[in-house]
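One-letter residues, chain by chain:
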Amino acid sequence: MTPSDDRYDAVIVGSGFGGSVMAHRLAAAEPKLNVCLLERGKAWPPGSFPRTPAEFQRALWAPGEGQHGLYDVWSFSGIGALVSSGLGGGSLIYANVMLPKDADSFVHDTVFDGPPRWPIDRADLDPHYAAVATMLSPVEYPEHLLAVTPKARAFRAAAEGMGLVPTPLAVTFSSEDEEPGTPFGEPGDNLHGRQRYTCRLGGECDVGCNFGSKNSLDYTYLSAAKRAGAEIRCRHEVKLVAPDGDGYRLEVVDHTDAVEGQPPSVPPRRLTLRTRRLILSAGALGTPYLLLSNRSSFPRISRMLGERFCGNGDFLAFAARCREPLESAVGPVITSAVRTPTHYIEDGGYPVFLAWVAQMLDTPRIAWGARRVGLHLLWRRLTGRRERNISFELSELLGDPSVSAGTLPILGMGLEPPQGRQKLRDGLLDIEWSFDRARPYFDSVRGTIAELSERLGGRFEDDILWRLNAVMTVHPLGGCPMGATADEGVVDPRSGEVHNYPRLHVADGSVMPGPVGANPSMTIAAVADRFADAILAEEGRL
Ligand SMILES: Cc1cc2nc3c(=O)[nH]c(=O)nc-3n(C[C@H](O)[C@H](O)[C@H](O)COP(=O)(O)OP(=O)(O)OC[C@H]3O[C@@H](n4cnc5c(N)ncnc54)[C@H](O)[C@@H]3O)c2cc1C
Ligand code: SF4
């Protein structure tokens, strides 16, 4: 252990939607606060996101195995979760949708019985939604690009009358008189020091944008935080947090010198940092995990730690072999949303290279095509025909293109009961979550997706996990829920301060006491902005 003299006014752990907002708000305070942000993952400048199979193989987060990549995948009983590791957190691989939480979903649990559990309402968050929008600049998918985006046109036409809502996307699109891929901004405006280009509609948002078109947190809040003087330390993974005098102590593993692709040959460097105020923003898996594994240092923490976990009702299905080609690889990953009282459904997309994977699903036809090519060649040889061109036969080898072109992934999310409980098992994070208790909610989402698939002239198809009675979430929430008292929640709803632990705060998806319903990033950022106001007021800086 290398002791360090570093002591800060505020340390923030994690650079997702909660941590980045906090880092910027606190670093921009006057008079100045000495602010440090610790992020376990790397910075991902444009052009660095993985694309080849070899690059994807190294794209996972498993530092003990020498993997320092973007994707952190978890598997629990009945539910799996995908989160991100890198400077910008989930914004690096998210699909850019910035919807607020519906006003009526704060007070009434429409799907599950019980008293209202949200200690804040929409009016509390409205000014913060506005502040976040100023930084992330979400816009509706532009009309002029609809003409070149078949899946968006088809989804909107089919969803007419089902509850289509405006769907703000935090992406910079070309204007009507520009080509997609036009340079914008100055390299000096962002912490990568790189030129950004308007969206090229290549459907790669969930594997990282190599053109800087997404207004992700690294280009927005984190660049602003750095300009305001925040110290940003990437590849610094926090392992231990504990009260220390009038503040907190952190033990941190420094992965900066790690050689990627091989397990560390010597233990990585560890350092100790001290801070007067500590803000945990490691996400709805990372923050509860940190607090659960350091629980003995926080004996007076609420019994609600680990409670009210949910996957925000995430559900994936497909409208397969639709009437018209939808070309799901063209456009940003999500362009449109339908809202019902209990859930949203949205069009999905994927990169062009995955369209080839989708096409390979037409295996029977491809096998049949290969047999036909073989028989043709044999026939020509036997009959002595000299025609050498087999282009047509080879094109048959690709099977029926409507398999990839006519299949639209459809994403559902909504008011799933927050019934999950996070705990430690053998020192590792575990989640108790019941598929059966969530089933009525999921059946209602499946009904809406089935109706839309029919309207698209396609066939509703579940994903493979559903057939195994399991789901995968990209929107984990809860574990450190807000509550007015320590009996009701882990953190207070004004500043995110952990009950009984002054100046220890949580600001990320884990503070949600239930599902957001819509895609949650906008709400996570707005809640963090609200907490920042309260912290700055306490610091005499507002
Ligand atoms: C494929 C995909 C698509 C999505 N699309 C959308 C969308 O369109 N709209 C939307 O609203 N949401 C979307 N989401 C969800 C969104 O990304 C998350 O809800 C959001 O990022 C959560 O924010 P957060 O601040 O809680 O945590 P995160 O963004 O997960 O940030 C936590 C950060 O903490 C770091 N960290 C964790 N542990 C430690 C540690 N011990 N030490 C140091 N650092 C640590 C992590 O590396 C990470 O950077 C999507 C997610 C995925 C995976
Ligand atoms: S579609 Fe491509 S260029 Fe546009 S935001 Fe997504 S990844 Fe970036």
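For the structure, check the block above.
Residues numbered from 1 in each chain as written. Chains lettered and ligands numbered in written order. Predicted model: local features only at pLDDT ≥ 70, side-chain atom pairs only at ≥ 80, totals over all residues. Heavy atoms only, no water.

### Some words on the overall build of the protein chain
Part 1: On a plain count of helices and strands, the protein chain comes out with 15 helices and 22 strands.
Part 2: Relative to its 542 residues, the protein chain shows a buried fraction of 56%.
Part 3: Counting only contacts in the protein chain whose residues sit at least 6 apart along the sequence, the fraction spanning at least 24 positions is 75%.
Part 4: Taken as a whole, the protein chain presents about 22500 Å² of accessible surface, with 55% of it coming from carbon and sulfur. (Helix = DSSP H or I, 4+ residues; strand = E, 2+ residues; numbered from the N terminus. Buried < 20%, exposed > 50% of the residue type's maximum accessible area, 1.4 Å probe, protein only. Contact = heavy atoms within 4.5 Å. Areas by Shrake-Rupley, 256 points an atom, 1.4 Å probe, with all protein chains shown as cover.)

### Topic: the sheet that holds strand β16 (residues 343-347)
Part 1: Read from one edge of the open sheet, 6 strands run β7-β15-β16-β17-β14-β20, paired in antiparallel fashion. Looking at which strands have only one partner, the edges of the open sheet turn out to be β7 (164-165) and β20 (459-462).
Part 2: Bridge count between strand β14 (residues 315-320) and β20: 4 bridges; the pairing is antiparallel. Each bridged residue has a counterpart across the sheet, and for Ala317 the counterpart in β20 is Asp462.
Part 3: Sitting on the sheet, helix α6 (residues 150-158) touches β7, β15 (337-339), β16 and β17 (408-414), and the angle it makes with β16 is about 145°.
Part 4: Of the strands in this sheet, β14, β16, β17 and β20 are in contact with helix α13 (residues 435-455), which crosses β16 at around 40°. (Pairing = 2+ DSSP bridges. Axes fitted to C-alpha atoms, helices over the stretch in contact; angles between N-to-C directions.)

### Structural notes on the packing of helix α1 (residues 17-27) against helix α15 (residues 521-538)
Part 1: The geometry of α1 relative to α15 is characterised by a closest axis approach of 8 Å and an angle of 35° between their N-to-C directions. With respect to the hand of their crossing, α1 and α15 are arranged in right-handed fashion. Between α1, through Phe17, Gly18, Val21, Met22, Arg25 and Leu26, and α15, the contact on the second element is made entirely by Ser521, Ile524, Ala525, Ala528, Asp529, Phe531, Ala532, Asp533, Ile535 and Leu536.
Part 2: Class assignment for the residues of the contact of α1 with α15 results in 11 nonpolar, 2 polar and 3 charged. (Left-handed = near helix turned anticlockwise from the far one by under 90°. Nonpolar A, V, L, I, M, F, W, Y, C, P; charged D, E, K, R; others polar.)

### Looking at the sheet that holds strand β21 (residues 471-473)
Part 1: Pairing is mixed in the open sheet, where 3 strands are placed in the order β5-β6-β21. At either margin of the open sheet sits one strand with a lone partner, and together these are β5 (71-75) and β21. With strand direction ignored, the average angle separating the axes of adjacent strands in the sheet is 20°.
Part 2: Alignment of strand β6 (residues 79-84) against β21, held across 3 bridges, turns out to be parallel. If you follow Gly80 over to β21, its bridge partner there is Met472.

### Quick look at the site of ligand 2
Part 1: The environment of ligand 2 is formed by 14 residues, the closest being Cys199, Arg200, Gly203, Cys205 and Cys209.
Part 2: Split by residue class, the shell around ligand 2 holds 7 nonpolar, 4 polar and 3 charged. (Near = heavy atom within 4 Å.)

### Details of the site of ligand 1
Part 1: Lining the immediate surroundings of ligand 1 are 35 residues, of which Glu39, Arg40, Gly90, Gly509 and Ser521 lie closest.
Part 2: Within the backbone of Gly18, an N or O atom sits 3.0 Å from an oxygen atom of ligand 1.
Part 3: One of the backbone nitrogen or oxygen atoms of Val238 is found 2.9 Å away from a nitrogen atom of ligand 1.
Part 4: Here ligand 1 loses 94% of its free accessible area of 1000 Å² to cover by the protein chains. (Polar contact = N/O pair within 3.5 Å; in protein donor to acceptor, adjacent residues only side chain to side chain.)

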